[in-house]
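Structural features, examined
Here's the letter readout for the chains.
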Amino acid sequence: MSKQSLLKVHRWIGGILAILLVVQALSGTVLVFRDEIERIIHPALIVQPGPVRQPVQALLDTVRARHPEAVVQRAEFARADDQTVLFKLKRKADDALLLVAVDPYRNVIVRDGGLGSWPTEWIFAVHEHLLIGPVGETVVGIEGLGLLFMAITGPIVWWPGRRRLRQGFKVRLDAKPDPKWRSLHRAVGAGAAVFLLLSAVTGVLMVWKEPFRDALGTVTRADGKPAPKVPDHKVPLVAVDRLISQAHAAYPGPLLRQLRFSSGGRVVAVYLDSDRTMRADGTIQLYYNAESGTAVGRYVSGEMPAGSEFIDWIYTVHTGLWGGVLTRTLLVLTGFVLAGLAGSGAWLWYVRARRVRENRAARAAAAVQ
């Protein structure tokens, strides 16, 4: 395919996906520093540390008593001592998400509401599935493929040759709006292509992670996370604090990060920070039968097959966590660049299409005369 043909396809895909790309780019920039932003916009999440923390089971009972119509899916524990424990629930009637923040020292609910009352969680839902569930995830994946195509074809159609490489990054600031913005779009797009490519690839792989895991599994071992099921024997469940204690006995030291509930609450996954990997969000995941307290599975970052570790790194790279504040800041800049490229590209596409229509109309008028 010629450069001119590639450019036409590049323009069409960019024009069609422009709005979605702006939404994804701007929502992604917010999510990079989501934890820090939540501390600012939700001051109720900051609590006064007390001498002792309440049992986690007590916090869980308080949340369930407040929302008997919902199922607790997970509890998230902040690294900071002055922050609440966040519980995420799904309402049984309509699968609506509910979020409840509890003071871990006083066992008091300090914030409670649906998705609309938690801006950063709402933004995350927009970024992940556009608020329309699995269909939205597919749309986001297709959008990622479009970005991947543009990140590859953009530098190809831009390439000025070795001798004129510096000229390719020149922005015509003294030109008219159309050539000025076109030169800026090309120069910035070429400079940011690698980062946009990385964002697109990791985003697409996150959307279709399991098919990718299956494909990778044909080459190397890539184990998935355990998904144990426990039949309902109508017996009382053990306190989650006992399961947390068992996890800490097996892996002393690491902080508690999450509890995840599945199989009707009869399986509890205890997530601890992993000290066995250099990955920023690596966790030790220990799965327990909540009826008997017996271990039914584990997934430990740093101890998994290479294929599994590679897949787990995708999220870390996509969110910029792998290099700390520096890479997160770089990711924010990439998000702003993507939004700017999508917006300017759509405008340039529109201007060019209008010029083509005007030229056709002028030629038609001249032919009639």
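Residues numbered from 1 in each chain as written. Predicted model: local features only at pLDDT ≥ 70, side-chain atom pairs only at ≥ 80, totals over all residues. Heavy atoms only, no water.

Looking now at the nonpolar core. Note that soluble globular proteins tend to have their nonpolar side chains buried in a common cluster. Counting residues in each nonpolar core, the largest one holds 32 residues, and the members touching the most others are Phe87, Leu89, Leu259 and Val270. Elements supplying a minimum of two residues to this core: α3 (56-66), β1 (70-77), β2 (85-91), β3 (97-103), α9 (240-250), β5 (256-262), β6 (267-273) and β7 (283-289). Excluding its chain neighbours within four sequence positions, the residues that come into contact with leucine 89 are Val63, His67, Ala70, Val71, Val72, Gln73, Ala96, Leu97, Leu98 and Val100. Formed by 13 residues, the second largest nonpolar core is a distinct cluster that contains Ala200, Leu338, Ala339 and Leu341. (Core = buried A, V, L, I, M, F, W, Y, C linked by side-chain atoms within 4.5 Å. Buried < 20%, exposed > 50% of the residue type's maximum accessible area, 1.4 Å probe, protein only. Helix = DSSP H or I, 4+ residues; strand = E, 2+ residues; numbered from the N terminus. Contact = heavy atoms within 4.5 Å.)

With that settled, consider the packing of aromatic side chains. The full count for this structure, using the stated rule, is four aromatic pairs. Each ring, one from tryptophan 158 and one from tryptophan 159, has its centre 6.1 Å from the other, and the planes form 65°; the classification is edge-to-face. Judged by its relative accessible area of 42%, tryptophan 159 is partly exposed. Seen from their ring centres, phenylalanine 212 and phenylalanine 310 are 6.2 Å apart, and the 50° between their planes marks the pair as tilted. Taken together, the positions of phenylalanine 212 in helix α8 (residues 209-216) and phenylalanine 310 in helix α10 (residues 306-318) put the pair 98 residues apart, joining distant regions of the chain. Judged by its relative accessible area of 47%, phenylalanine 310 is partly exposed. (Phe/Tyr/Trp six-rings, centres within 6.5 Å; stacked < 30°, edge-to-face > 60°.)

It is worth spelling out the pairing of β5 at this point. Strand direction decides the pairing type here: β1 and β5, joined by three bridges, are antiparallel. When the bridges of β5 are listed, glutamate 76 appears paired with glutamine 258. As paired strands, β5 and β6 are joined by six bridges and run antiparallel to one another. Residue pairing for β6: phenylalanine 261 is matched across the bridge by valine 268. Between the antiparallel neighbours β5 and β6 lie four residues, among them serine 263 with a positive phi of about 50°. (Pairing = 2+ DSSP bridges.)

Time to look at unusual backbone geometry. Phi angles above zero are rare outside glycine, and aspartate 95 is one such case at about 65°. The exposed category is assigned to aspartate 95, whose relative accessible area is 52%. A positive phi angle, close to 70°, is found at leucine 131, a residue other than glycine. Note on placement: leucine 131 falls in the loop between α4 (119-129) and α5 (133-158).

Moving on to the pairing of β3. For β3, the tally of buried residues reaches six of seven residues, placing the bulk of the element in the interior. Of the strand pairs in this sheet, β2 and β3 are connected by six bridges, and their pairing is antiparallel. Pairing of leucine 86 across the sheet is with alanine 101, part of β3. Two strands pair when backbone bridges link them, and β3 and strand β4 (residues 108-114) are joined in this way by six bridges, in the antiparallel orientation. Counterpart to valine 100 in the pairing with β4 is aspartate 112. From the end of β3 to the start of β4, which pair antiparallel, there are four residues, and asparagine 107 there has a positive phi angle of about 55°.

Okay, the sheet that holds β7 next. On the basis of which strands lie adjacent, the open sheet formed by eight strands has the order β4-β3-β2-β1-β5-β6-β7-β8 and antiparallel pairing. Edge positions in the open sheet fall to β4 and β8 (295-300), since each of these has one partner strand only. Strand-to-strand twist in this sheet, taken as the mean axis angle between neighbours without regard to direction, amounts to 20°. (Axes fitted to C-alpha atoms, helices over the stretch in contact; angles between N-to-C directions.)

So, about the side chain of serine 301. Secondary-structure assignment places serine 301 in the loop between β8 and α10. At 2.7 Å, the side chain of serine 301 forms a polar contact with the side chain of arginine 279. (Polar contact = N/O pair within 3.5 Å; in protein donor to acceptor, adjacent residues only side chain to side chain.)

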